[in-house]
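Each chain is listed here by its residues.
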Amino acid sequence: HLHKRHGDGEQVWADGRKYEGGWVSDKPHGHGNMTFADGSTYDGQFNHGMKQGQGTYVHCTGITYSGLWIHDEIPPEEFACGMALVGASEIEIFQGEPFSIEVAVLHSSGDVMEGDSGRVLQTKAGLLSPPADKSTKVRPELADTAPTFTTPFGDVKLVNLAEVTPRTRQTDYEDIPEKERPVSRSGYEYIRLPSPQPTTTDHKTHCGHASWTNVVIPGHEMLEVVDSEDEEVEQTEEAKPKAKKKGKNSPAPGRKDRSATPDERDRWRVQGARAERDKDLLKFGAPGTYVVQISDVTEPRFFGRVLEPIYLKVNIQRIKKSSTKYLVPKSPSLSRKVQ
């Protein structure tokens, strides 16, 4: 064979590459296993030094491709062509209510790329617009300097994501001590608001999927939730205490029975029961429209390719309040998807 490698053998190069398998005329040929300098591996068929036929390639990031190779390249139609949200692309939730995000990596056929594992996807959230009501106040001096990023819906102010414990609704009623049991009112139930914790924005795909569960949009100093003067009017009728009927000989109304003055309202917001109630609420994103961006940030890129980002629009509604607690409809957030 003119002193050229032929048959089965192993070769190690100075740059860290290693090949073990068949050789013909000094080139890998037939079945072989190649480890590249960056740590990526290929196990499959070679034809005169090029990957040809069936083979499995494991990228240094962990992304795996198993299938056909032609002239040392993956056919364009075999690459992942994009990502899609599993579920609605727009949801409505109440302030402080957690939600989940699930993403699928898609083949050009529209099927999930089940062999796609190890791709790094990153989330970030931003405020698109606060609601046009009195419950949210924007601090211009902070909003003007907040980092922004561009989405198909417009530029948004960066607010990030956080996560909470899996259960915030009081569903296990019997497990709660009798004195601490929340009282459900027609169509509503009380909830507790756990403190949001920092979450990992980067998740790797596994079998073509990646997910973030029990995430929330935390509060941001550029937004402030305030009590509007008509808050009591906006409360649900079920949540309001019923007034006692007074007889003809009832005593004159005391101070607590008279309408509160503006100064008293301001003092109650800082010192009263509402202030205690709202301490937890300030930890969560104010009512408004937010956009969550999911991006492919895999480095180094898989054969120089990167998937286009996708977006989830989150509409946060003002939470209903009783005098000292929060109430939300008993129906889960999944029933409030915007189709």
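Residues numbered from 1 in each chain as written. Predicted model: local features only at pLDDT ≥ 70, side-chain atom pairs only at ≥ 80, totals over all residues. Heavy atoms only, no water.

*Asks:* I'd like a description of the nonpolar core, backed by residues and values.
*Replies:* Core analysis: the largest hydrophobic core is formed by 33 residues, its most contacted members being Phe99, Ile101, Val103, Tyr290, Ile294 and Val314. For this core, the secondary structure elements donating two or more residues are strand 7 (80-85), strand 8 (90-94), strand 9 (99-107), strand 10 (120-129), strand 18 (209-216), strand 20 (288-296) and strand 21 (310-317). (Core = buried A, V, L, I, M, F, W, Y, C linked by side-chain atoms within 4.5 Å. Buried < 20%, exposed > 50% of the residue type's maximum accessible area, 1.4 Å probe, protein only. Helix = DSSP H or I, 4+ residues; strand = E, 2+ residues; numbered from the N terminus.)

*Asks:* Outline the sheet that holds strand 9, listing residues and values.
*Replies:* Across the sheet, which stays open at both edges, the five strands sit in the order 7-9-18-14-16 with antiparallel pairing between neighbours. The sheet is open, and its two borders are formed by strand 7 and strand 16 (197-198), each paired with just one other strand. Pairing of strand 9 with strand 18, which is carried by five bridges, proceeds in the antiparallel orientation. Counterpart to alanine 104 in the pairing with strand 18 is histidine 209. (Pairing = 2+ DSSP bridges.)

*Asks:* Account for the sheet that holds strand 6 (residues 64-69), with residues named and values stated.
*Replies:* Across the sheet, six strands lie side by side as 1-2-3-4-5-6; this open sheet has antiparallel pairing. The open sheet has two edge strands with one neighbour each: strand 1 (7-12) and strand 6. On average, adjacent strands in this sheet sit at an angle of 15° to one another, irrespective of strand direction. Here strand 4 (residues 41-47) runs beside strand 5 (residues 50-58); their pairing, made up of six bridges, is antiparallel. Among the inter-strand pairings, tyrosine 42 is bridged to a residue of strand 5, identified as tyrosine 57. (Axes fitted to C-alpha atoms, helices over the stretch in contact; angles between N-to-C directions.)

*Asks:* Run through unusual backbone geometry, naming residues and quoting values.
*Replies:* For residues that are not glycine, phi is negative in most cases, and the peptide bond is trans in most cases. The linkage connecting glutamate 299 with the following residue, proline 300, adopts the cis geometry, with an omega of -5°. As for its placement among the helices and strands, proline 300 is situated in the loop between strand 20 and strand 21. Phi is positive for aspartate 26, which is not a glycine, with a value near 75°. Aspartate 26 gets classed as partly exposed once you look at its relative accessible area, which sits at 31%.

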